[in-house]
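Below are the chains, spelled out letter by letter.
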Amino acid sequence: MQNAGIADMGLNWRYLAFDVAPEQLDLALAGARSMRFVGLNLTVPHKLLALDWVDEVDPAAREWGAVNTIRFEGQTSGGEWVPVGQAEDPTGFESIRSVGFNTDADAILRSIKEDLEMGLKGSKCVLLGAGGAGRVAAMKLASAKVSRLHLINRTLSKSEAVARDIQAKYPDVDIVLDYPRHGDSIDLLLNATSLGLKTSDDLPLDLEAINLRNVDSVYDMIYQPAETALLQAARASGCRTANGLGMLLYQGTAALEIWTGRPAPTDVMREALHAHVYGKPSAH
Ligand code: ATR
């Protein structure tokens, strides 16, 4: 995805994967800085650890406690900080600093809005899962001014903790720690649990408690398999559906924009990502 985007933008860059032991993250970041990397992405657990190793932290990364994107910036002789990837002469800097960003959280909302073509303001949502991904999704849905949010999780204490965080920051959102009443119509049901990654997994919801025919759209953060049992059931019930590939895409396009300062070629990157993950071009 990134190499397709980079090539399309006419940049002489390469995006490479490195296997770094968590206890050597500081060394790896220092090496990337010394080698004048433009930036990098980090995944779990590194994105949680990196907060301690970057020089500056963007507010979104601070809020989510995770850095998935780093941009290196060089200081000019005039004292100004310029992104290494946007500098005319990246070799001439006095010093280089690292800035940590988080592009995951916004990617959730963008994917829901664009891939399901829905607005979230005033909507009624059911969120399954209150782990790392579920917490971020819940906070982002609340920030998008949904009117009601049903939080469902195997471990109730975790959904209670998420509910408290939301009430403190977004008091207007009606939080319910249970399924909707029978017959209630729901705009969006979102799966943020890990159930569905394996074909032998149970469904992440209780179909006795919620009738998918009363649900307009279903989003599953899982993108492999492309259609989980939940999405299959949702499609059979006439729901609009989308999987989490869009989240992966949009965190990537946002990162490329942070490094380059230019709009990323989203369609080119979507095609490359789809072909890589599913081994075939997308149906778009
Ligand atoms: P992630 O970072 O992907 O969110 P996580 O923090 O481990 O990963 O969260 C996994 C989510 O899937 C949690 O909501 C978890 O429920 P618990 O909080 O009760 O652990 C949910 N989950 C995982 N396996 C499950 C299972 N077998 N049944 C029900 N929920 C499950």
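Everything in this summary refers to the structure shown in the same document. (Residues numbered from 1 in each chain as written. Predicted model: local features only at pLDDT ≥ 70, side-chain atom pairs only at ≥ 80, totals over all residues. Heavy atoms only, no water.)

**Some words on empty space enclosed by the protein**
So, step 1. A complete count under the given rule lists 1 cavity of 30 Å³ or more for this structure.
So, step 2. If you add up the space inside the largest cavity, you get close to 60 Å³.
So, step 3. For the lining of the largest cavity, the residue count by class is 4 nonpolar, 4 polar and 2 charged. (1 Å grid on protein atoms, 1.4 Å probe; cavity = no way out; pocket = protein on both sides within 12 Å on 5 of 7 lines; lining within 4 Å. Points joined across faces, edges and corners; volume = space filled by probe spheres on them. Nonpolar A, V, L, I, M, F, W, Y, C, P; charged D, E, K, R; others polar.)

**Points about the packing of helix H9 (residues 245-260) against helix H10 (residues 266-278)**
So, step 1. Packing of H9 against H10 leaves a shortest axis separation of 10 Å and a crossing angle of 135°. One finds that H9 runs oblique with respect to H10. Of the two possible hands of crossing, H9 and H10 adopt the one that is right-handed. Residues Leu245, Leu248, Leu249, Tyr250, Gly252, Thr253 and Leu256 of H9 form the contact with H10, whose own contacting residues are Thr266, Met269, Arg270, Leu273, His274, Val277 and Tyr278.
So, step 2. Tallied by class, the residues present in the contact of H9 with H10 amount to 9 nonpolar, 4 polar and 1 charged. (Axes fitted to C-alpha atoms, helices over the stretch in contact; angles between N-to-C directions. Helix = DSSP H or I, 4+ residues; strand = E, 2+ residues; numbered from the N terminus. Parallel < 35°, antiparallel > 145°, perpendicular 65-115°, else oblique. Left-handed = near helix turned anticlockwise from the far one by under 90°. Contact = heavy atoms within 4.5 Å.)

**Points about the packing of aromatic side chains**
So, step 1. The full count for this structure, using the stated rule, is 2 aromatic pairs.
So, step 2. Look at tyrosine 15 and tryptophan 259: their rings are 6.2 Å apart centre to centre, the planes differ by 45°, and that puts the pair in the tilted class. Taken as a pair, tyrosine 15 in the loop between helix H1 (2-8) and helix H2 (25-34) and tryptophan 259 in helix H9 lie far apart in primary sequence, 244 residues in all.
So, step 3. On the basis of an interplanar angle of 40° and a centroid distance of 6.2 Å, the ring pair of phenylalanine 18 and phenylalanine 37 is categorised as tilted. (Phe/Tyr/Trp six-rings, centres within 6.5 Å; stacked < 30°, edge-to-face > 60°.)

Geometry only, nothing functional implied.
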